[in-house]
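Residue-level structural notes
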Amino acid sequence: MLAVVSMGNAQAQSEVEGSLKADFVSSYIWRGLNLGHVSLQPELSVGWKGLSLTAWGSVGLSGHKDDFREIDLTLSYETGRLSFGVIDYWTDEHDKRFFYFKKDSTGHAFEGFVSYDFGPVVASWQTFFAGNDYQESNNKRSYSSYFQLQAPFRLATCNWEATAGLVPWASDYYSTNGFSVTYLSLRATKDIKITDSFSLPLFAQLIANPRQSRHVFRSRFHT
């Protein structure tokens, strides 16, 4: 799933700007949930005066039966240290059709988010408000939510990031039955210089999910 936390220090663009990148990850971990094995994750975004539209995808490359396709579309706005927006998450686990929104079988889930950069810490809140997010016990909407704190810092020539995330109430989406800390992460990122004009960004990350008593180590590079 696409990360939604904005660091809040980018200047609003006076002209339309775009970016394109592709990540290769050794495992696909999202908010403490293990969603896949080796994956290719491309991203395309355009931005103008604080408004941005991003398309992000993930395709499993391991050939495992649990590999799936995902497309996330994000519309967001950033002003000063505040960011907010809406994300449409889609996977082909429930139905292969992208333009299919039937309540009980759609692959879409829609989430609103807001984040604020306090300086040393970025805080964000996300809540699903439509799509595939229902309690199995009574088929009522769960409004599954997630709260995250993210602290970036620099140490020993690397950029580091410590992250903690929690689910505030019961959610079948996150497989929780109440308040649960589902994500603890420490990540180090470093650009490896290949030539005078080209470097390869790499990261290594240690992830723990206290809710499931599980930890993961993963690595990534992107182009």
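Above this text is the structure in question.
Scoring rules and cut-offs
- Residues numbered from 1 in each chain as written.
- Predicted model: local features only at pLDDT ≥ 70, side-chain atom pairs only at ≥ 80, totals over all residues.
- Heavy atoms only, no water.
- Helix = DSSP H or I, 4+ residues; strand = E, 2+ residues; numbered from the N terminus.
- Buried < 20%, exposed > 50% of the residue type's maximum accessible area, 1.4 Å probe, protein only.
- Areas by Shrake-Rupley, 256 points an atom, 1.4 Å probe, with all protein chains shown as cover.
- Polar contact = N/O pair within 3.5 Å; in protein donor to acceptor, adjacent residues only side chain to side chain.
- Contact = heavy atoms within 4.5 Å.
- Core = buried A, V, L, I, M, F, W, Y, C linked by side-chain atoms within 4.5 Å.

1. Brief notes about the overall build of the protein
Secondary structure assignment for the protein yields zero helices and 14 strands. Split into buried and exposed, the 223 residues of the protein put 40% on the buried side. Put simply, the protein shows about 12,200 Å² of open surface, and 61% of that area lies on carbon and sulfur atoms.

2. Topic: the side chain of Gln 41
In this fold, Gln 41 is placed in strand S4 (residues 39-48). Looking at Gln 41, its side chain comes within polar contact range of the side chain of Ser 58, at 3.3 Å. Excluding anything up to four places from it in sequence, Gln 41 contacts Lys 21, Ala 22, Asp 23, Val 25, Tyr 28, Trp 56, Gly 57 and Ser 58.

3. Structural notes on the nonpolar core
Ranked by size, the top nonpolar core spans 16 residues in total, and within it Tyr 28, Trp 30, Tyr 89, Phe 128, Tyr 146, Tyr 174 and Tyr 183 carry the most contacts. When residues of this core are traced back to their parent elements, those giving at least two are strand S2 (28-30), strand S7 (82-91) and strand S8 (108-117). The leading source of residues in this core is S2, at three residues. In contact with Tyr 146, not counting residues within four places along its chain, are Arg 31, Ser 124, Trp 125, Gln 126, Gly 165, Leu 166, Val 167, Pro 168, Tyr 174, Thr 182 and Tyr 183.

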